[in-house]
Amino acid sequence: MLTVGRIATQTGMSPKAVRLYEANGLIDPPERTPAGYRVYTDAAIPVLGFIRQAQALGLSLKEIKEILDLQRSGEQPCALVTDLLDQHLADIDRRIADLQALRTTLLAARAQADQAAGRGEDAVVCRIIEGAPGR
């Protein structure tokens, strides 16, 4: 039997994280000692390891719970996992495209500022923002 501090140390997590995962139903509620301390079995260790790896892939606690719930009900969650990963990849691709568009806009604004400065133009506040696209 492992206390929350010991299982946290063994998994590289904080006790607070372990309690959070318990509260959100990601790990089974542990037994309690007469003094009220949580005591986990060794079976919680691989589940906590899975949670940590899933979070490293960008999955939310809600998504991780869905995966664990499927597995606990006897189903193979691999199809759900691949769907979630595909959704996250699509989100990343959208963010990359947005960042590339922002970069292009910033480069254009920077070039515009250099041109205005070269012509000696004054601005009310700053030509970079006053002349930015979308204004």
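What counts and what doesn't
- Numbering of residues starts from 1 in every chain and runs along the sequence as written.
- In keeping with the predicted nature of the model, local features appear solely for residues at pLDDT of at least 70, side-chain atom pairs appear and are counted solely at 80 or more, and the whole-chain, interface and lining totals rest on all residues.
- Calculation of side-chain values draws on the structure's entire complement of heavy atoms; hydrogens and water are dropped beforehand.
- To qualify as a helix, a DSSP run of H or I must reach at least 4 residues; to qualify as a strand, a run of E must reach at least 2; elements of each kind are numbered from the N terminus.
- Burial classes follow relative accessibility: with a 1.4 Å probe on protein chains only, a residue under 20% of its type's maximum area counts as buried, one over 50% as exposed, and anything between as partly exposed.
- Residue count minus one, scaled by 1.5 Å, sets the expected span of a helix.
- Read the arc as the range of directions from the helix axis to the C-beta atoms.
- A score between 0 and 100, pLDDT records how confident the predictor is in each residue.
- Between any two strands, at least two bridges found by DSSP are needed for them to pair.
- Side-chain atoms alone can form a polar contact between residues adjacent in sequence; in general such a contact is a pair of N or O atoms within 3.5 Å, and within protein one must be able to donate a hydrogen while the other accepts it.
- The contact definition used throughout considers only heavy atoms, calling two residues in contact when any of these lie within 4.5 Å.
- Orientation is described by lines fitted to C-alpha atoms, with helices fitted over the stretch in contact, and by angles between N-to-C directions that extend from 0 to 180 degrees.
- Working definition: roughly parallel below 35 degrees, roughly antiparallel above 145 degrees, roughly perpendicular at 65 to 115 degrees, and oblique for all remaining angles.
- Handedness of a helix crossing follows the sense of rotation of the near helix relative to the far helix, less than a right angle counterclockwise being left-handed and clockwise being right-handed.
- Amino acids are sorted into nonpolar (Ala, Val, Leu, Ile, Met, Phe, Trp, Tyr, Cys and Pro), charged (Asp, Glu, Lys and Arg) and polar (every other residue, Gly among them).

Engineer: It is not clear to me how the environment of D69 should be interpreted in this structure. Could you clarify?
Structural biologist: Following the sequence through the fold, D69 ends up in helix α4 (residues 61–72). Under the relative-accessibility criterion, D69 is labelled partly exposed at 34%. As a C-alpha pair, D69 and L26 span 43 residues in sequence and 8.2 Å in three-dimensional space.

Engineer: Please explain helix α3 (residues 44–56) as it appears in this structure.
Structural biologist: Residues lying three or four places apart along an α-helix face the same way, a consequence of the helix completing one turn every 3.6 residues. Between its first and last C-alpha atoms α3 spans 18 Å; for 13 residues at 1.5 Å apiece the expected length is 18 Å, and the two agree. All buried positions along α3 are accounted for by A44, L48, I51 and A54. Seen from one end, α3 has its buried residues packed into an arc of 125°, which puts them on one side. Relative to its buried face, α3 has exposed residues pointing more than 90 degrees away, namely P46, Q53 and A56. Within two residues after α3, G58 carries a phi angle of roughly 90°, on the positive side.

Engineer: How should I be thinking about the confidence of the model for the protein in this particular structure?
Structural biologist: One rule of thumb: low pLDDT means the predicted coordinates there are not for detailed reading. Residue-level pLDDT values for the protein average 89, and 89% of them are 70 or greater. Mean pLDDT per element in the protein: helix α6 (residues 127–130) is the minimum at 63, and α4 is the maximum at 96.

Engineer: How do you make sense of the sheet that holds strand β1 (residues 2–3) when you look at a structure like this?
Structural biologist: Pairing between sheet strands relies on hydrogen bonds along the backbone, with the strands arranged either parallel or antiparallel. Spatially, the three strands line up as an open sheet ordered β1-β3-β2, and their pairing is antiparallel. Because the sheet does not close on itself, it has two edges, and the strands there are β1 and β2 (31–32).

Engineer: Is there a simple way to explain the side chain of T11 in this structure?
Structural biologist: Positionally, T11 belongs in helix α1 (residues 4–11). A distance of 2.8 Å separates a polar side-chain atom of T11 from the backbone oxygen of I7. Non-local contacts of T11, meaning those with residues more than four positions away in its chain, are made with I45, L48 and R52.

Engineer: Explain the packing of α3 against α4 here, please?
Structural biologist: Each packed pair of helices is defined by two parameters, the angle between the axes and the distance between the axes. The N-to-C vectors of α3 and α4 enclose an angle of 135°; their axes lie 10 Å apart at closest approach. Judged by the inter-axis angle, α3 sits oblique to α4. Crossing of α3 against α4: the hand is right-handed. Contacts between α3 and α4 involve V47, F50, I51, A54 and Q55 from the first element and L61, I64, I67, L68 and R72 from the second. Here the contact of α3 with α4 is composed, by residue class, of eight nonpolar, one polar and one charged.

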